[in-house]
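Chains, contacts and geometry: an overview
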Amino acid sequence: MIDLRSDTVTRPSAAMREAAAEADVGDDVYGEDPSVNALEAAAADRLGAEAALFCPSGTMANQVAVRTHAEPGQELLCERLSHVYQYELGGAAALSGLQTRPVDSPPRGVVTPEQVRANLVVEDDHRAGTGLLALENTHNSRGGRAIEPDAIAAAADVAREADVPVHLDGARLANAAVALDVPVDRFTHAVDSVMLSLSKGLGAPVGSVLAGEEGFIDRARRVRKLYGGGMRQAGVVAAPGHLALENVDRLAEDHANAGRLADGLAAIDGLEVQPPETNIVLVDVDGLGLDVEAFLERIADAGVEATPLDETTARFVTHRDVDREAIDESVAAVERAVG
Ligand SMILES: *Cc1c(COP(=O)(O)O)cnc(C)c1O
């Protein structure tokens, strides 16, 4: 089976397993795990931030950021198809007591400065105000769109001028950096906090980092504890995560494979393929007269797995465990299944 459901399915490399086995460890809740401390320092450096916090997942890192930035009753302003709104079990409401004000930014998920200006709520006797603007890059549900640093800054500047903090969900920020050929920290100067997943295309088995100013990270560390994310000898997972930071450049391979997959699928009658910008390929299957579940079932029978995005759209994600040859096999399998 060729697994293109997500880049989260990547398995740790031999070097990562070795790093885990040999990691120097201590109790990280006491701040005494040298491997965690080294990862946090390296991640802060990469992200152009003062400090960073190692979290068990991207979802926890995002929700820790939300809780640290905003007060109950305030609003979370974000894009309608953003992960923090769609796929985190209503965490902003359930864990932080926020109400969410989503804005719709088709086709690429770029929230505009005008949208921010029009949807910021100023605190008064009747309204709790906007507590946080959350942006996402790459934008997952809009097809892994690599949003330019200037576009991120333009939206963020409007919020920050109104004293509203900005969080960047950069689960795949390294993919955006590689696609646009800029360093990862080009995206982070304009925001107050950023999350980067180590466990997606970068290939670590576990974990994400949250980065920001020192005072913010100190407060975030307490929220992580509140959420049950204070880990003890976490160096065994931080050490492979540290190696993952070295895997940024290889994401170019995943992007090339996504392009190859898109070209192959576009040649199949009935499939409408959105040209990929990074490692995510969205395919509209409506022209086959099938719904997405029927399509996914057929291609799974032929040996390829993908995920549903909506009733007619399937999502394929390329990653380090699927090489160019497997991409060609995938195209052939989909052709056999529906061609
Ligand atoms: C995967 C993802 C997350 C959550 O990360 P997990 O480690 O799966 O919890 C958050 N935001 C975006 C955009 C993602 O793609």
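Structure report, in brief. Please read all numbers here as calculations on a predicted model, not as lab measurements.

What counts and what doesn't
- Residues numbered from 1 in each chain as written.
- Predicted model: local features only at pLDDT ≥ 70, side-chain atom pairs only at ≥ 80, totals over all residues.
- Heavy atoms only, no water.
- Pairing = 2+ DSSP bridges.
- Helix = DSSP H or I, 4+ residues; strand = E, 2+ residues; numbered from the N terminus.
- Axes fitted to C-alpha atoms, helices over the stretch in contact; angles between N-to-C directions.

Next up on the list: the sheet that holds strand E7 (residues 193-197). Strand order across the open sheet formed by seven strands is E2-E8-E7-E6-E5-E3-E4, with mixed pairing between neighbours. The sheet is open, and its two borders are formed by strand E2 (51-55) and strand E4 (99-103), each paired with just one other strand. Across the sheet, the mean angle separating the axes of adjacent strands is 20° when strand polarity is ignored. Pairing of E2 with strand E8 (residues 208-212), which is carried by five bridges, proceeds in the antiparallel orientation. In the strand pairing of E8, Ala52 is matched with Ala211.

Between Pro106 and Pro107 the backbone carries a cis peptide bond, its omega angle lying at 0°. Along the chain, Pro107 falls in the loop between E4 and helix H6 (113-119). Along the chain, Asn137 connects to Thr138 via a cis peptide bond; the corresponding omega equals -5°. Locating Thr138 in the fold gives a position in the loop between strand E5 (130-136) and helix H7 (149-161). The backbone phi angle of Leu89 is positive, close to 55°, even though this residue is not glycine. Take Leu89: it is sitting in the loop between helix H4 (83-86) and helix H5 (91-96).

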